[in-house]
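Chain by chain, the residues:
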Amino acid sequence: MGLPQNLFDPRHYARTRKDVLDAETLPPWCYASDAFYRREVERIFMKTWNFVGHAGRIPNPGDYVTLDFAGVNVILVRDRDGTPRAFANTCRHRGAALVEGQGQCRAFKCPYHGWVYGLDGTLTGAPEMDATPGFDRAKYGLIPIKLERMGQYMFINFDSESAPLARHLGDLATKLEPYALDRQVLVRRTEYDVACNWKVYVENFMDYYHTPTVHQKSLAAGSLSVYHRTPPTAERGTGEYMMLYVKHEGSAALLPNAVGLPPMSSLTGRAKDGSTFACAFPCALLAQTKDCVWYVEIHPRGPNRIKLAVGACFLPEAIERPDFEEKLKAYYERWDVSVEEDNTVNELQQRGISSPLAAAGRVSNFEILSHMHRNWVLDQVIGRAS
């Protein structure tokens with residue numbers, strides 16, 4: 001791949017900056033270059049609010065999970081008061097990782113020298129350190145990472161001086177109120193390792209253009225498909241997000257002809273007649289339809305690899321139905337089939353775009369949201385267009 005001498009010269013991205021029907025995609029190096037990815041980590045992932053899924057991952061006090069987000073090892077834990085918290089997974093003594101995977105504990109004990117931390121991050125035990133002059137346990141608690149929520153959705157921010165999540169999201173929470181996100185219960189979370197750039201996955205999720213081809217035998221099959229060839233209308237509000245609304249019959253969380261659950265009782269306005277797909281920048285992918293919601297977490301692992309997680313959520317009244325487990329099978333089939341199709345095509349795109357002969361392409365009127373996301377990334381990495 002031939003990289004330009006000055007990778008971050010705005011002139012290289014002038015064609016991406018044009019109006020959608022006159023624009024080109026990002027240059028291929030934006031999806032495969034180590035240098036471009038490092039700038040994204042520095043200016044995006046270390047500075048903004050990163051989506052890490054549903055609080056149902058840690059439902060009880062003492063529950064914890066670990067994750068790697070853009071090279072940062074993180075612990076998510078629910079403290080004794082029931083508050084979800086996030087900490088750097090590194091001991092304040094010699095830096096060892098405290099825990100791996102997920103589990104349940106009353107405190108974190110470093111496997112190296114036995115330092116102990118409470119669920120709120122305070123250092124409660126430090127063997128032999130009383131002999132160290134001036135040692136103050138209060139100064140050596142776990143390094144906190146900001147964690148805030150929209151409903152049950154958790155976001156973390158590595159910048160301690162960042163603005164609150166509510167300012168980042170703006171009016172998104174208000175627009176999603178009909179889906180009762182604070183009451184949604186996580187019923188399943190599946191993980192995938194996908195060999196593609198994080199932007200490839202975001203662009204695909206918000207792209208209506210690929211549905212008739214990639215999902216021709218699943219989501220787009222038959223006359224009852226909720227996915228059609230009408231160009232989408234992108235919506236922006238007061239926050240850092242983009243959104244797409246689609247009016248349709250039935251549920252977007254089912255394959256054509258499948259029979260599911262009744263609509264949520266919380267629905268109001270246009271939510272009764274269709275589905276809302278949102279991307280809270282940089283890469284929180286949130287899908288809301290008439291009978292449930294689902295989401296996609298993207299954890300960047302480098303320029304050409306991500307950890308992907310898909311969470312499925314329903315309201316308590318749906319879960320309490322005697323036929324819920326039977327009905328649930330149809331939803332799982334839809335998600336399993338469509339996610340596998342998307343993962344396959346995203347890896348194909350990554351392979352192709354990593355070629356030294358790859359070049360930027362033109363943009364269709366079905367790709368307005370992908371175009372919008374590319375320009376948001378450029379605003380952060382290169383600087384806002386003049």
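Up top is the structure.
The structure presented is a predicted model; accordingly, all values stated were derived computationally and were not measured. (Residues numbered from 1 in each chain as written. Predicted model: local features only at pLDDT ≥ 70, side-chain atom pairs only at ≥ 80, totals over all residues. Heavy atoms only, no water.)

A. A look at the overall build of the chain. The helix and strand tally for the chain stands at nine helices and 17 strands. For a compact globule of 386 residues, the expected C-alpha radius of gyration is about 21 Å, and the chain comes in at 22 Å, within 12% of that figure. Over its C-alpha atoms, taken along the principal directions, the chain stretches across nearly 75 × 65 × 35 Å. The buried share of the chain, taken over its 386 residues, is 55%. Each charge class in the chain was averaged separately, 44 positive and 45 negative side chains, and the resulting centres sit 3 Å apart. (Helix = DSSP H or I, 4+ residues; strand = E, 2+ residues; numbered from the N terminus. Rg over C-alpha atoms; globule rule 2.2 N^0.38 Å. Buried < 20%, exposed > 50% of the residue type's maximum accessible area, 1.4 Å probe, protein only. Lys, Arg positive; Asp, Glu negative; His and termini not counted. Charge placed at Lys NZ, Arg CZ, Asp CG, Glu CD.)

B. Here's a closer look at the packing of helix α5 (residues 198-205) against helix α8 (residues 324-353). Contact pair α5 / α8: the axes reach a minimum separation of 10 Å and the direction vectors enclose 130 degrees. If you check the angle between α5 and α8, you find them oblique. As for how α5 packs across α8, the hand of that crossing is right-handed. Residues V200, Y201 and N204 of α5 form the contact with α8, whose own contacting residues are V339, D342, N343, V345, N346, Q349 and Q350. (Axes fitted to C-alpha atoms, helices over the stretch in contact; angles between N-to-C directions. Parallel < 35°, antiparallel > 145°, perpendicular 65-115°, else oblique. Left-handed = near helix turned anticlockwise from the far one by under 90°. Contact = heavy atoms within 4.5 Å.)

C. Seen up close, the sheet that holds strand β1 (residues 50-54). A sheet is described by the order of its strands in space; here seven strands give the open sequence β1-β10-β9-β4-β3-β2-β5, paired in antiparallel fashion. In the strand order of this sheet, the two ends are held by β1 and β5 (102-104), each with one partner. Mean inter-strand twist for the sheet, computed between neighbouring axes without regard to direction, equals 30 degrees. (Pairing = 2+ DSSP bridges.)

D. The arrangement of empty space enclosed by the protein in detail. A complete count under the given rule lists two cavities of 30 Å³ or more for this structure. By volume, the second largest cavity amounts to about 30 Å³. Surrounding the second largest cavity, R188, T190, V310, G311, A312 and W335 form its lining. Those elements giving two or more residues to the lining of the second largest cavity turn out to be β11 (185-194) and β17 (306-314). Taken together, the residues that form the lining of the second largest cavity break down as three nonpolar, two polar and one charged. (1 Å grid on protein atoms, 1.4 Å probe; cavity = no way out; pocket = protein on both sides within 12 Å on 5 of 7 lines; lining within 4 Å. Points joined across faces, edges and corners; volume = space filled by probe spheres on them. Nonpolar A, V, L, I, M, F, W, Y, C, P; charged D, E, K, R; others polar.)

E. How the structure looks around unusual backbone geometry. Omega for the bond connecting F281 with P282 falls within 30 degrees of zero, at 10 degrees, which places this linkage in the cis form. If you check the backbone angles, A70 has positive phi at about 55 degrees while not being a glycine. Mapped onto the elements, A70 comes out in the loop between β2 (63-69) and β3 (72-78). Look at E128: it is not a glycine, yet its phi comes out positive at around 70 degrees. On the secondary structure map, E128 appears in the loop between β8 (123-125) and β9 (144-150).

F. Quick peek at the side chain of T276. Counting through the fold element by element, T276 comes out in strand β14 (residues 274-280). Engagement of the side chain of T276 in a polar contact is seen with the side chain of Y179, the distance being 3.1 Å. (Polar contact = N/O pair within 3.5 Å; in protein donor to acceptor, adjacent residues only side chain to side chain.)

G. Quick peek at the packing of α5 against helix α9 (residues 368-381). One way to put it is that α5 packs onto α9 with a least axis distance of 8 Å and a crossing angle of 145 degrees. Seen from α5, the contacting residues are W198, K199, V202 and E203; seen from α9, they are S370, H373, R374 and V377. Class assignment of the residues belonging to the contact of α5 with α9 gives a composition of three nonpolar, two polar and three charged.

H. Spatial organisation of the pairing of strand β10 (residues 153-157). With five of its five residues buried, β10 lies for the most part within the structure. The alternating pattern of β10 places Y153, F155 and N157 on one face and M154 and I156 on the opposite face, and all of these are buried. Pairing analysis gives three bridges linking β1 to β10, with the strands arranged antiparallel. Bridge pairing links H54 to Y153 in β10. As defined by bridge partners, β9 adjoins β10 across five bridges and the pair is classed as antiparallel. Across the sheet, residue M150 finds its bridge partner in β10, namely Y153. Counting the residues between successive antiparallel strands, the hairpin from β9 to β10 contains two residues, one of them, G151, with a positive phi of roughly 60 degrees.

I. Spatial organisation of α5. Counting buried residues along α5, eight of its eight residues qualify, which places the element largely inside the surrounding structure. Within the sequence span of α5, burial applies to W198, K199, V200, Y201, V202, E203, N204 and F205.

J. The arrangement of the sheet that holds β8 in detail. Spatially, three strands are ordered β6-β7-β8 in an open sheet, and the strand pairing comes out antiparallel. For this open sheet the edge positions go to β6 (108-109) and β8, each flanked by a neighbour on one side alone. The sheet contact formed by strand β7 (residues 116-117) and β8 spans two bridges and is antiparallel. Bridged to V116 within β8 is G125.

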